[in-house]
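Listed here are the chains, written in short residue letters.
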Amino acid sequence: MSDSSPLPPVRLHPEAELARAALSTPLLSRAARLARWAGPGTRVDAGGGLVEEQLPAAVELLGLTGDDAAAYASEAWRVAVDAGLVEIVDEEAGTVRAGEELELLTGGSPRDVLTVWLAALETVIADATVPDLDDLVDALDEGGEVDFSSLGWDPEAEAEFLDGVLGNLYLLTVSEDGPGDATVPLPALAASVIVPDGMGEPTNDVLEQISDAMMRLDDQFRVLEPVGLVDYRPVDEALMADTDEEPAATVDDTDVARYGMVRLTPLGAYGLRARLLEAGFEAPAVGDLADKGADVLLDGTARFGQSAARAETEQWLARREPLAAARELLAAARGADAGAPLRRLRCQQALSLVGAEAEPALREVLDDPELGGLARVWLSERGAAGVPAPSEDMVFWLTVDTLAAQLAAEGNSEELQALVEGLAAQHSGFFTAAWRVEHPDTAEVLDAMGRLHPDKKVAKQARKAAFKARSQQGS
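Residues numbered from 1 in each chain as written. Predicted model: local features only at pLDDT ≥ 70, side-chain atom pairs only at ≥ 80, totals over all residues. Heavy atoms only, no water.

Draft legend 1. Quick peek at the packing of aromatic side chains. Tallied over the entire structure, the rule returns four aromatic pairs. Each ring, one from F430 and one from F431, has its centre 5.4 Å from the other, and the planes form 85 degrees; the classification is edge-to-face. Taking the relative accessible area as the measure of exposure, F430 reaches 2% and is therefore buried. Among the residues examined, F431 registers a relative accessible area of 8% and is labelled buried. Through successive ring pairs, a cluster of aromatic residues spans F396, F430 and F431. Taking NZ or CZ as reference, R30 lies 5.6 Å from the ring centre of Y72, over its face. The ring centre of F161 lies 3.9 Å from the NZ or CZ of R216, which sits over that ring. (Phe/Tyr/Trp six-rings, centres within 6.5 Å; stacked < 30°, edge-to-face > 60°. Buried < 20%, exposed > 50% of the residue type's maximum accessible area, 1.4 Å probe, protein only. Lys NZ or Arg CZ within 6 Å of the ring centre and 35° of its normal.)

Draft legend 2. Examining the pairing of strand β2 (residues 95-98) more closely. Bridge analysis of strand β1 (residues 86-90) against β2 gives four bridges, and the strand direction is antiparallel. By the bridge assignment, D90 is partnered in β2 with T95. Between the antiparallel neighbours β1 and β2 lie four residues, among them G94 with a positive phi of about 75 degrees. (Pairing = 2+ DSSP bridges. Helix = DSSP H or I, 4+ residues; strand = E, 2+ residues; numbered from the N terminus.)

Draft legend 3. Quick look at the packing of helix α17 (residues 322-333) against helix α18 (residues 340-351). Two elements in contact, α17 and α18, have axes whose closest approach is 9 Å; the angle formed by their N-to-C orientations is 165 degrees. The orientation of α17 with respect to α18, classified from their angle, is roughly antiparallel. Taken as a pair, α17 and α18 cross one another with a handedness that is left-handed. Two secondary-structure elements touch here, α17 through A326, L329, L330, A332 and A333 and α18 through A340, R343, R344, C347, A350 and L351. (Axes fitted to C-alpha atoms, helices over the stretch in contact; angles between N-to-C directions. Parallel < 35°, antiparallel > 145°, perpendicular 65-115°, else oblique. Left-handed = near helix turned anticlockwise from the far one by under 90°. Contact = heavy atoms within 4.5 Å.)

Such coordinate-based values are descriptive only and should not be taken to indicate function.
Now the structure itself:
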């Protein structure tokens, strides 16, 4: 994921709901139980981990069973220490006490709880990049030290790989207008960080890299699930046993699921966004602009999809009186800069959410050359009386402004092409009049119409009109 790529706005769940989810995650709840259990008699080793003699009591407290019970208890203890739920009093003596953060889990705000959870998340993400314990044991040298070179393990490369995967999972999940709960097949996620941009059919070498990455991710997502970052369906064990098995030519949903499926949870979306912000990315969330001015709202939502822009605008409007909000939006929509047409489009969309109380604000701008057209549209749609008919100049100016906004928002989209075809069909003399429109984007809009219209004759008319518009602007 490039740090220059704009990220879509994420729709975060309320902090109170996310805090409840954090408290109920297996790992944080275990860490909290161990922190409350720890006392004067609890001893830790030089690294802050529970001494081996105390692991059975910790395992029993947590109700863990199976071969991995001690490992799970050790992990929960490590999270408790790293998240500040447990404080090491005397490193030499190995004594501990409850940490200050423990009280936040019961008496703190939802944001306090989430701060503790984020600390736990960092510990788990770091753990996920460490080789399997069995591999570490096999790599012990004669002096009892781990020979990492024999594992081919590069800590920085592993951390970078996992960060890239999690960044792509965020992008694949947090769509601009979607619910943000998509389940991603593990092969697709692995391919997103392995396959070079522009590659068509992957080579055998690339396919082998994807397969290796899937196995690494299978281990890592098993580690990340207990902290609540993801919901994960692991790779089918039978596929690991039979490494020669290939996916069928036609793969149904059941087959895809056998290769692993991962979903970013609402809590995970919160966590990954926090990490992206910490890393310097611009990672907007719906609601960020609710307390900002109308100018910030219109410019900010210019980069949002329609559904996200509406959700953001609804939150902005909920904090304001309708008439005052309408006046502020209209004032912010003025301008002849490059972003002005899209601001006016977002303004028009925002005003569609405002009730009849805003009518005086729209009547105040009826004579405004930039806002008079959209004001007439708003009033007419609501059946208001006494709305003056627009002049021909105003109609053409509003048309160019709308096309410029659509071009800025969507580029050469199918929707814009349909709009262009409709305009040319309805107004036979459109290009004769359009090039005279005194709008800064007239020539650019006419150029776009020439590119988009499928009829060569009409497209030629549009290009000629664009040339005349530029000549007029230069004169």
